[in-house]
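Notes for the structure review
What follows is each chain in one-letter form.
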Amino acid sequence: MADFVKASHVFVANPAKTVDEALEFFSKKMVELGYADDEKAVLDAFKARESEGTTGMSDGFAIPHAKSDAIKQDTVLVAKFAGDIEWESMDKKPIKVAIAICTPASEGGATHLQLLSDVAIMLTKESFRSDLLGSDDPEKIAKVVNGCFE
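Just so you know, these numbers come straight off a predicted model, no measurement behind them.

1. Observations regarding the overall build of the protein
Counting its secondary structure elements, the protein contains five helices and five strands. Along the chain direction, N to C, the helices and strands of the protein fall in the order β-α-α-β-β-β-β-α-α-α. Since a compact globule built from 150 residues should have a radius of gyration of about 15 Å, the 14 Å found for the protein is in line with a globular shape. Seen through its C-alpha atoms, the protein measures out along the principal axes to roughly 35 × 30 × 25 Å. When burial is assessed residue by residue, the protein has 48% of its 150 residues classed as buried.

Written as structure tokens, this is what we have:
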């Protein structure tokens, strides 16, 4: 999975200003990139998950995630925001980077949980967080995030 996240999956200086705008952006990109066939269904899946509890972590990161029949294959997208997003987070600090995990509902959840676990573990590492926060190069960001899945 060394090239699971491509540079085309990374969006720097993303203009989203709210959680809803960020989730709408990810849903739209899933369809544009050909990984989903129903933007509203993907957005509904993101929002349903968010309503169960925040996906805002700490240190400026969020891991929104969605499982839906509209999603055709496992996909990870990354948005580095142009400004801070007020997103309910564990440390009450704004979000600077979101790593979105999207999986087909038909997979039953095992892959979804593995991807989520891999990203959450990497977010505990200072070097991972600083590499993401310190770069605006989509190729480098993709490489750093791909390190979660090796």
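2. Thoughts on the nonpolar core
In this structure, Met30, Phe46, Phe81, Ile85 and Trp87 are the most contacted members of the largest nonpolar core, which totals 26 residues. Mapped onto this core, the elements with two or more residues apiece are helix H1 (19–32), helix H2 (39–52), strand E4 (75–85) and strand E5 (95–104). By residue number, the principal contributor to this core is H1, which donates five residues. Not counting the four nearest positions on each side in its chain, phenylalanine 81 is found in contact with Ala13, Asn14, Ala16, Ala22, Ile95, Lys96, Val97 and Ala98. Membership of the second largest hydrophobic core comes to 23 residues, among which are Val78, Val97, Ile101 and Ala142.

3. Quick look at H1
Spanning 14 residues, H1 covers 20 Å between terminal C-alpha atoms, matching the ideal 20 Å at 1.5 Å per step. Looking at H1, one finds that the buried residues are Val19, Ala22, Leu23, Phe26, Ser27, Lys29 and Met30. Mapping the buried residues of H1 onto a view down its axis gives an arc of 165 degrees, with all of them on the same face. Where the residues of H1 are buried, they touch strand E1 (10–14), H2, E4 and E5. Directly after H1, the chain includes glycine 34, whose backbone phi takes a positive value near 85 degrees.

Reading guide: rules and limits
- Residues numbered from 1 in each chain as written.
- Predicted model: local features only at pLDDT ≥ 70, side-chain atom pairs only at ≥ 80, totals over all residues.
- Heavy atoms only, no water.
- Helix = DSSP H or I, 4+ residues; strand = E, 2+ residues; numbered from the N terminus.
- Rg over C-alpha atoms; globule rule 2.2 N^0.38 Å.
- Buried < 20%, exposed > 50% of the residue type's maximum accessible area, 1.4 Å probe, protein only.
- Core = buried A, V, L, I, M, F, W, Y, C linked by side-chain atoms within 4.5 Å.
- Contact = heavy atoms within 4.5 Å.
- Expected span 1.5 Å × (residues − 1).
- Arc of directions from axis to C-beta.

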